[in-house]
Amino acid sequence: MAEPLRIAYSPCPNDTFVFHAWAHGLVPGAPALDVTFADIDVTNGMAERGELDVLKVSYAVLPWVLREYALLPCGGALGHGCGPLVLTREPDADLSGRTVAVPSERSTAYLLFRLWAASEVPGGIGRVEVLPFHEIMPAVRDGRVDAGLVIHEARFTYADYGLHKLADMGEHWERTTGLPIPLGAIVARRSLGEERLRELADAARASVRAAWDDPAASRDYVLAHAQEMDARVADQHIGLYVNEFTEDLGEKGYAAVRGLLTRAAAEGLVPPLGPDALRFP
């Protein structure tokens, strides 16, 4: 019997919803999975070190890992109206020279933030401080940092911390590009071989479809890992981040990924991609 594939993805509802069927042996013919739960900053590091077979990572980290890993054309997170937010204690705050907390300097959120700040913060931001995602809103609320860059369910809960939305990175991206917002990607080790990579893509796609066909089947799994998130917020989270691009990147999805990484490379934020870097398998 083949060893299970080692995979890491976040405990966020979109990932547990997408991978529930596959992780529980409910996708016929799919390889068994040995699942590790980790925040995106941790999985980005795992990919850079080549530690596991399959990983959920930030699109922003692809330029550093695509030599060893291939981008799967499904299973990830892109969309409209789902971008990271910059939050402050006071509305209309000026970020020139200020300290901003971010979840990772290798995250897509950070790339989108830097592209936004380059055009919208003429004086330039001051210091960037990396904090675990769950510490960012309390740090802004308590005055330990001047602003925070947040992702995922924080767009539904930031008002509970008395915070204000200064800017929506996704709105800026969509307004300036007309493309969906690329957030999280699924990558798999190239050394598995082209046939195996295609099998993994098929399994991820089948797992997404199974989740849509029977949303109730994954509910306990989703809520068990949702880090005290209530069911309503978890449903909103899934509705926002699991969509047609999760099933298949398609032409628009690939254009969004290339657009993000090309713009970021032009700003010196990431290394440039080779011409075939995103080719699958």
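In this convention, every chain numbers its residues from 1, walking through the sequence in written order. Local features in this predicted model are restricted to residues of pLDDT 70 or higher, and side-chain atom pairs are both shown and tallied only at a pLDDT of 80 or more, whereas totals for entire chains, interfaces and linings draw on every residue. As a rule here, side-chain values come from all non-hydrogen atoms in the structure, and water together with hydrogens is ignored.

Novice: For this particular structure, what's the right way to read the pattern of salt bridges?
Specialist: Charged atoms that come close allow side chains of opposite charge to pair. Here a salt bridge means any side-chain nitrogen of Lys or Arg lying within 4 Å of a carboxyl oxygen belonging to Asp or Glu. Under the counting rule described, the total for this entry stands at 16 salt bridges. In this structure, the salt-bridge partner of D53 is R6, at a minimum N-O distance of 3.8 Å. Of this pair, D53 sits in the loop between α2 (40-49) and β3 (54-58) while R6 sits in strand β1 (residues 5-9), and the two are 47 residues apart along the sequence. Linking D202 and R205 is a salt bridge whose minimum nitrogen-to-oxygen distance equals 3.8 Å. Note that D202 and R205 are positioned in helix α8 (residues 194-213) at a spacing of three residues, about one turn of the helix. Connected via shared salt-bridge partners are R6, D53, E68 and R189. Helical segments are the DSSP runs of H or I of at least four residues, strand segments are the runs of E of at least two, and each set is numbered from the N terminus.

Novice: Got a minute to help me understand the packing of aromatic side chains in this structure?
Specialist: Within a pair of aromatic rings, the relevant descriptors are the distance that separates the centres and the angle that separates the planes. Pairing of aromatic rings covers Phe, Tyr and Trp, the last through its six-membered ring, and needs centres within 6.5 Å; plane angles under 30 degrees mean stacked, over 60 mean edge-to-face, and all others mean tilted. This structure, assessed with the given rule, holds five aromatic pairs. On the basis of an interplanar angle of 90 degrees and a centroid distance of 5.5 Å, the ring pair of Y9 and F37 is categorised as edge-to-face. Taken as a pair, Y9 in strand β1 and F37 in strand β2 (residues 33-37) lie far apart in primary sequence, 28 residues in all. Burial classification: accessible surface area is computed with a 1.4 Å probe over protein chains only, and a residue below 20% of its type maximum counts as buried, one above 50% as exposed, and the rest as partly exposed. The class for Y9 is buried, based on a relative accessible area of 0%. These aromatic residues form a ring-pair network of at least three members: Y9, F19, W22, F37 and Y221. For R106, the ring lying beneath its charged end belongs to W64, and the centroid distance is 3.7 Å. For a Lys NZ or an Arg CZ to count as sitting over a ring, it must be within 6 Å of the ring centre and within 35 degrees of the ring normal.

Novice: Mind showing me how you'd approach the packing of helix α1 (residues 13-23) against helix α10 (residues 231-241) here?
Specialist: Each pair of packed helices can be summarised by the angle the axes make with each other and by the distance between the axes. Interaxial angles span 0 to 180 degrees and are taken between N-to-C directions of axes, which are lines fitted to C-alpha atoms, for helices over the stretch in contact. It is at 8 Å that the axes of α1 and α10 come closest, and there the two elements cross at 70 degrees. When the interaxial angle is binned, α1 and α10 end up roughly perpendicular. Contact residues: P13, N14 and F17 in α1; A234, H237, I238 and Y241 in α10. For this classification, Asp, Glu, Lys and Arg are treated as charged, while Ala, Val, Leu, Ile, Met, Phe, Trp, Tyr, Cys and Pro are nonpolar and the rest, including Gly, are polar. Grouping the constituent residues of the contact of α1 with α10 by class yields five nonpolar, two polar and no charged. If an angle is under 35 degrees, it is roughly parallel; if it is over 145, roughly antiparallel; if it lies from 65 to 115, roughly perpendicular; otherwise it is oblique. In this description, contact between two residues means that some pair of their heavy atoms is separated by no more than 4.5 Å.

Novice: What is the right way to read the state of the cysteines from this model?
Specialist: Cysteine pairs can be linked by a disulfide, which is a covalent bond between their two sulfur atoms. When the sulfur atoms of two cysteines come within 2.5 Å, that pair is taken as a disulfide. This model, assessed by the stated rule, comprises zero disulfides. The thiol of C12 is unpaired, and the distance to the nearest cysteine sulfur, on C82, comes to 13 Å. The structure places no disulfide on C74, whose sulfur is separated from the nearest cysteine sulfur, that of C82, by 18 Å.

Novice: Could you clarify how one ought to interpret the nonpolar core in this entry?
Specialist: We call a set of buried residues a nonpolar core when its members are Ala, Val, Leu, Ile, Met, Phe, Trp, Tyr or Cys and they connect through side-chain atoms within 4.5 Å of each other. Ranked by internal contacts, the top residues of the largest apolar core, which has 69 residues, are L55, Y59, L62, L71, F113 and W116. For this core, the element with the most residues is helix α4 (residues 108-120), which contributes eight residues. By size, the runner-up hydrophobic cluster in this structure holds 31 residues, among which are V27, V222, A234 and I238.

Novice: Would you mind showing me how to read the side chain of T88 here?
Specialist: Looking at where T88 falls in the secondary structure, it is placed in strand β6 (residues 85-88). Only 2.7 Å separates the side chain of T88 from the backbone oxygen of E90, close enough to count as a polar contact. For T88, the residues in contact, after removing those within four places along its chain, are A93, L95, V140, D146, A147, L163, H164 and L166. Think of a polar contact as two N or O atoms within 3.5 Å of one another; within protein, one of them needs to be a possible hydrogen donor and the other a possible acceptor, and neighboring residues in sequence only count if both atoms come from side chains.

Novice: Teacher, can you tell me more about the pairing of β2 here?
Specialist: Note on strand geometry: in a regular strand, side chains alternate between the two faces of the sheet. Note on pairing: DSSP must find at least two bridges between two strands before they are called paired. When β1 meets β2, the two strands line up parallel, connected through five bridges. By the bridge assignment, I7 is partnered in β2 with V35. Between the parallel elements β1 and β2, the chain passes through α1 in a crossover that is right-handed. Handedness of a crossover is defined as follows: orient the strands so they point away from the viewer, and if the path from the first strand over the helix to the second runs clockwise, the crossover is right-handed.

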